[in-house]
Amino acid sequence: NAGVTQTPKFQVLKTGQSMTLQCAQDMNHNSMYWYRQDPGMGLRLIYYSASEGTTDKGEVPNGYNVSRLNKREFSLRLESAAPSQTSVYFCASSENREVGEQFFGPGTRLTVL
Amino acid sequence: AQTVTQSQPEMSVQEAETVTLSCTYDTSESNYYLFWYKQPPSRQMILVIRQEAYKQQNATENRFSVNFQKAAKSFSLKISDSQLGDTAMYFCAFMNRWGAGSYQLTFGKGTKLSVIP
């Protein structure tokens, strides 16, 4: 089992460029999440998906879109990147159990110039 | 909205000694879950320990234990016999139900722990 995988690991963009961060999990989890982590901060939820075909906003959704392509994959898209989106992005997944642990991917470090 | 506060931005401990990391939270809910996550320099988020709020007994995982004080809304992490590999950022997190079927984690800002040889 690879767990939660993310691509790419690093990315540099210019302001206004677009890109998609990919996430996949092989644990048959229903729920998937996207977080961002800024210096000196904990992780903050951007979007989540409780099941295939559903997505909902988290704490900081502005400037992002997501797609739950199937049960395994959950992508995060930046349509027009801004320097304020420079961050480390984490994808996570969990079962829909009350004490279900969230399993995290290795993160993507994104820099927007 | 839930908030999680970690009042110690940085801490250090001598190898083999014991250290306690503090965490307080604010919520109006009665049923929730608390976690400590470790983030080493590799950036990987690793679950250290979890506590269900309805359980009075404090959780323990090998060298890691918690002191859960529900009335005081306090959830501290004790690391015994500290090892060099414990050097990492430690995040306290609160979990509650968010929408239909998902559970949101709210994180504190973290405590950077350094274990000194």
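Above this note sits the structure.
Residues numbered from 1 in each chain as written. Chains lettered and ligands numbered in written order. Predicted model: local features only at pLDDT ≥ 70, side-chain atom pairs only at ≥ 80, totals over all residues. Heavy atoms only, no water.

Moving on to the nonpolar core. By size, the foremost hydrophobic cluster in this structure holds 25 residues, and its most contacted members are Tyr25(B), Trp36(B), Phe75(B), Leu77(B) and Tyr90(B). Those elements giving two or more residues to this core turn out to be strand E3 (19-21), strand E5 (33-39), strand E6 (46-52), strand E8 (64-69), strand E9 (74-79), strand E10 (88-98) and strand E12 (111-116) of chain B. Per element, the largest residue contribution to this core is four residues, and it comes from E10(B). Counting residues in each nonpolar core, the second largest holds 21 residues, with Leu43(A), Phe90(A), Leu47(B) and Tyr103(B) among its members. (Core = buried A, V, L, I, M, F, W, Y, C linked by side-chain atoms within 4.5 Å. Buried < 20%, exposed > 50% of the residue type's maximum accessible area, 1.4 Å probe, protein only. Helix = DSSP H or I, 4+ residues; strand = E, 2+ residues; numbered from the N terminus.)

Attention now goes to the interface of chain A and chain B. With 31 residues of chain A at the interface, the matching set in chain B holds 23 residues. Inspection of the chain A/chain B interface yields one salt bridge. Put simply, Arg50(B) and Glu101(A) hold a salt bridge, and the shortest N to O gap is 3.6 Å. Applying the counting criterion to the chain A and chain B interface returns six residue pairs in polar contact (both at pLDDT 80 or more). Counting residues per element, the ones that place at least two in the side of chain A that touches chain B are strand E4 (31-37), strand E5 (43-49), strand E9 (87-94) and strand E11 (108-112) of chain A. (Contact = heavy atoms within 4.5 Å. Salt bridge = Lys/Arg side-chain N within 4 Å of Asp/Glu carboxyl O. Polar contact = N/O pair within 3.5 Å; in protein donor to acceptor, adjacent residues only side chain to side chain.)

Bringing the pattern of salt bridges into the picture now. All names here are of chain A. Summed over the entire model, instances satisfying the criterion amount to seven salt bridges over all chains. Glu79 is paired through a salt bridge with Arg77; the nearest N and O atoms lie 3.1 Å apart. Taking the relative accessible area as the measure of exposure, Glu79 reaches 44% and is therefore partly exposed. For Arg77, a relative accessible area of 28% corresponds to the partly exposed category. Salt bridges sharing common partners tie together Arg36, Asp38 and Arg44.

The next subject is the environment of Ser84(A). Inspection of the secondary structure assignment puts Ser84(A) in the loop between strand E8 (74-78) and E9. The exposure class of Ser84(A) is exposed, given its relative accessible area of 55%.

Residue and element names in this part refer to chain A. Taken together, four strands build an open sheet; the order of strands is E1-E3-E8-E7 and the sheet is antiparallel. The open sheet has two edge strands, strand E1 (4-7) and strand E7 (65-68), and neither has a second partner. Looking at each pair of strands side by side, their axes are set apart by 15° on average, direction ignored. In this sheet, E8 lies alongside E7 in antiparallel orientation, the contact comprising four bridges. Looking at the pairing, Arg68 lines up with Phe74 of E8. (Pairing = 2+ DSSP bridges. Axes fitted to C-alpha atoms, helices over the stretch in contact; angles between N-to-C directions.)

Residues and elements named next belong to chain A. Structurally, Asp26 can be placed in the loop between strand E3 (19-25) and E4. The partly exposed category is assigned to Asp26, whose relative accessible area is 31%. Through-space distance from the C-alpha of Asp26 to that of Phe10 is 22 Å; in sequence the pair is 16 residues apart. Setting aside anything within four residues of it in sequence, one finds Asp26 in contact with Asn1, Ala2 and Gly3. Within polar-contact distance, the side chain of Asp26 engages the backbone nitrogen of Ala2 at 2.7 Å.

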